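Chains, contacts and geometry: an overview
So you can see what is in the structure, the chains are spelled out below.
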Amino acid sequence: MKRLKKHRNQLADQRSAGSFAVMKNQNRPFATVPIHLSASELGFRVNNFSTGLQTALGRLPKTEVESADLALFAPRTVSVNVRSSAIKIGSFTFPESAEFLQDADSKSCRDDKKSQGTQQVAAASKLAERSTRIKPPNDVVKLQDRLYYLLQPPLESLLATNSLQFQFQPFPYQYEGVAFLFSRYSAILADEMGLGKTIQAITAIRILLRSGEMRRVLMICPKPLVTNWQREFKIWAPEIPVAVIEGDQSKRRWQWENPIAPVKIANYELLMRDRCCVVDKQIDFDLVVLDEAQRIKNRNSTTSQVVRAVSRKRSWALTGTPIENSPDDLVGIFEFLSPGYLNSDMQPRKMAGAIRDYVLRRTKDQVLSDMPPKLFRDAEVTLTPEQWSSYETAENEGVINLADLGAELTIQHVFELVLRLKQICNFDPATGASAKMERLEADLEEVVASGKKAIVFSQWVRTLEKIHERLQRFGPLQYHGKVPSKHRDRVIERFKEDPCHSVILMSYGAGSVGLNLQFCEYVFLFDRWWNPAVEDQAINRAHRIGVAGPVTVSRMLVRDTIEERINQVLEEKREMFASIFSENAPPRSSGMSQEEIFGLFDLQIQKSSQTNAA
Amino acid sequence: MLASDTKLLPAVGFLTVVEHPEHGFFGGFLVLNAMARPLEFHCTAPVRPNRAQEILYGTTLRPFLIGEHIGNALVQKAKTKIQLICTDLEPAIAVRNVNSTPVILLCSNSEEGESSTPVPRALRVDERHPEVPATSRPLVRFQLGTHEVAIPDAYEADRTAVEKCFKVCDGTLDLTEPFERIREAIEEAQKSAR
């Protein structure tokens, strides 16, 4: 490099003389630049010869100049937007009315609020461990409405934080039932008898009334159950005023037309009498609840027509036996809930799918694993000689008479014979002899001796009266159609409280629904009802929530008689019936068809005789 | 309780975000009255950070996205005057940076509330980021009834307002339960959008 520098300096000196040239070497611009100098400039002695070439030597070389730009290029910039674009938001608002209204005790509640605060939090957190969420029904399509239900607090905390207290803590499955009803405009609560459909319905009504979502409720039930519903409302919703529609026609009209209470209770029979009032579109209800809704299973019945004509927004049906005889029963109930939704031609599987979101059915086996068992005992007896004699005569003559009727034979004729034979199985009409009575007396001796109480069911009042005569030593009470309604509650109270009364005699009609007799541990079915569902209802008067121990059910059955044949048919059907509710529960057994009733006597059904059977 | 009483009680907002592995973040904001009943619900369409945001926000991406972006957009939609916002996600308390309503984090649920799906954290391919908390500022923890809650220390002054609000609601409002409702509602809204 030093040498190079020296050459450069020399070149600078020579530049003025114009006798140098810089030759560009493209490949090695600085390292080896060839420099051409004259000999004189270097101090050498040079001899010039006249060759003609010297002139060329004196010519200046060609010079090439190249410029280099040292400035940097301007950078190219790219902008990245890191702020996000506007977010798409869906907004939903819910009604302000969803606030719980004041109840009679709320003033004192507010006074005590501070002291109760901690307790409520504790209660709420305890309940939160078991939270029951309200789900929207499938028929609610609008997202806003679905979210309204989904965003409600868990039922337990809703109740705990709104001072809706209970005398007894409901079972978890009962909370589920309340949540089910709460969000539904059409619903069937079809829990097995004894699981507390009443408390679930009352609690759902209570919440809807207290939250301002309903103001007018009509409860329709069988006449004997009116007082029962009154009592249950007092227990489970004490702050909700309840009015029973009763009295003379003008009073009832006034009751129908005026807002006398948020909840009105009426019985089916009365509804029929007041049909002019209730079908008036001016009388409108937010909710109509049918207790024992199987009463409207026949779509063509007047009861069904009147009930369906009541103007309403919500329709709930309560029944432990949504299907008594055939799936058509369910179609009948759905005509009240959602007319046309089901039809008789639907296949059971399709029907089961269609009703899934509308029907809630639980059995004791499913939800009450710790409930004492129900022990069945078929008390088979043999007729006394006197009874046999009467029975054989009646049967032989009866069958001959039926055969003689030929084309005129109807289901009613067969029924009459069946009833006649069943009555003889109970008591011999001539002598009063009764094999069943003897067995019942023997069993009751044991029951009463152990300090327990028993219920005896029969389908006939006359039979109950005969039993009453024979059981005087046990202080029997009677509860059936001949006992005036106003006295019936008193009968139940006496039976419950007075140890002198160890037995109560009930008809299936009066005593099979709505009563709470869980202090009884023994049930005797003196004769058999046509339909096991009704028998089950009767049995479940005793085997229900609160029962202390196992309930023993004695089904009295006379060997080699019509009773045995009926029982056989019904048992077969019990096992065969596996369709509508098979997913959720054991199937309900149905009553007997006409063919089956005719078949009891090897008779053939006539086309003209076809009507609904048991 | 009187209906008129409940109108005087404060409304409380509950803010959470559900992360979906494919669609991104779904925000939900539920406004309850003091009796725990719903007054308003707002939810977002899915939000996904773009690649630039992932790189440039670095570890502050989640607080930005969940708190300032989604959270604030939701809170702004509320019509009811809200006196307190509760969240079960730590990044969501960044909503307080852009909103004047006090925000508390439910500590007991914050860990559970965090999505198990990892959010992209390798924000630059050539450099490993140190693990840092989602919030840049420390939290002040304190007890609110039975709940352990936290607020950003920059807003420690909110504590008085928070305690006052909670005192009025005490006994009626469970602060942890509503988040489950929001998640269900978001799922329902997603279903209806499909």
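Residues numbered from 1 in each chain as written. Chains lettered and ligands numbered in written order. Predicted model: local features only at pLDDT ≥ 70, side-chain atom pairs only at ≥ 80, totals over all residues. Heavy atoms only, no water.

1. As for the overall build of chain B
For clarity, the cut-off: Strands here mean DSSP runs of E at least two residues long; helices mean DSSP runs of H or I at least four residues long; both are numbered from the N terminus. Accessibility here uses a 1.4 Å probe with only protein chains present; expressed as a share of the type maximum, an area under 20% marks a residue as buried, one over 50% as exposed, and anything in between as partly exposed. In what follows, a contact means two residues having at least one pair of non-hydrogen atoms within 4.5 Å. Each accessible area is a Shrake-Rupley result for a 1.4 Å probe, and residues are judged covered by the shown protein chains and nothing else.
When you go through chain B residue by residue, the secondary structure sums to six helices and seven strands. Put simply, chain B runs from its N terminus to its C terminus through helices and strands in the order α-β-β-β-α-α-β-β-α-β-β-α-α. Within chain B, buried positions represent 58% of all 194 residues. For chain B, contacts bridging at least 24 residues in sequence account for 60% of all contacts bridging at least 6. When the accessible surface of chain B is totalled, it reaches about 8600 Å², and 50% of it is carbon and sulfur.

2. Digging into the nonpolar core
Note the cut-off: Buried residues of nine kinds, namely Ala, Val, Leu, Ile, Met, Phe, Trp, Tyr and Cys, make up a nonpolar core once their side-chain atoms join them within 4.5 Å.
Of all hydrophobic cores here, the largest spans 79 residues; its most connected members are I205(A), W229(A), F41(B) and I104(B). Those residues in contact with F41(B) that sit more than four places away from it in its chain are G90(A), S91(A), F92(A), F94(A), L147(A), L151(A), G28(B), F29(B), L30(B), I182(B), A185(B) and I186(B). Among the nonpolar cores identified, the runner-up in size contains 36 residues, and I323(A), L330(A), I333(A) and F336(A) belong to it.

3. Topic: the side chain of S390(A)
Within the element layout of this structure, S390(A) appears in helix α17 (residues 385-405). The residues touching S390(A), leaving out its near neighbours within four places in the chain, are I424(A), D428(A) and P429(A).

4. Section: the confidence of the model for chain A
All names here are of chain A. To keep it simple, the criterion reads: Scored from 0 to 100, pLDDT reflects the predictor's confidence in each residue.
With 77% of its residues at a pLDDT of at least 70, chain A reaches an overall mean of 80. Overall, residues 16-31 carries pLDDT values under 50, and its contacts beyond four positions in sequence, including any with other chains, amount to 21 contacts. Ignoring residues within four places in sequence, the model shows residues 606-614, a span with pLDDT below 50, making 25 contacts including any to other chains.

5. Brief notes about the state of the cysteines
Note the cut-off: Any two cysteine sulfur atoms lying within 2.5 Å of each other are counted as a disulfide.
Following the criterion strictly, the structure yields zero disulfides over all chains and no others. Here C276(A) is not cross-linked by a disulfide; its sulfur's nearest cysteine counterpart is in C277(A), at 7.0 Å.

6. Some details on helix α8 (residues 197-210) of chain A
All names here are of chain A. Threshold: Helix span is expected to be 1.5 Å times the residue number reduced by one.
A rise of 1.5 Å per residue sets the reference length of α8, with its 14 residues, at 20 Å; its end C-alpha atoms lie 20 Å apart and thus fit the reference within 8%. Buried residues dominate α8, accounting for 13 of its 14 residues. G212 occupies a position one or two residues after α8 and carries a positive phi of about 80°.

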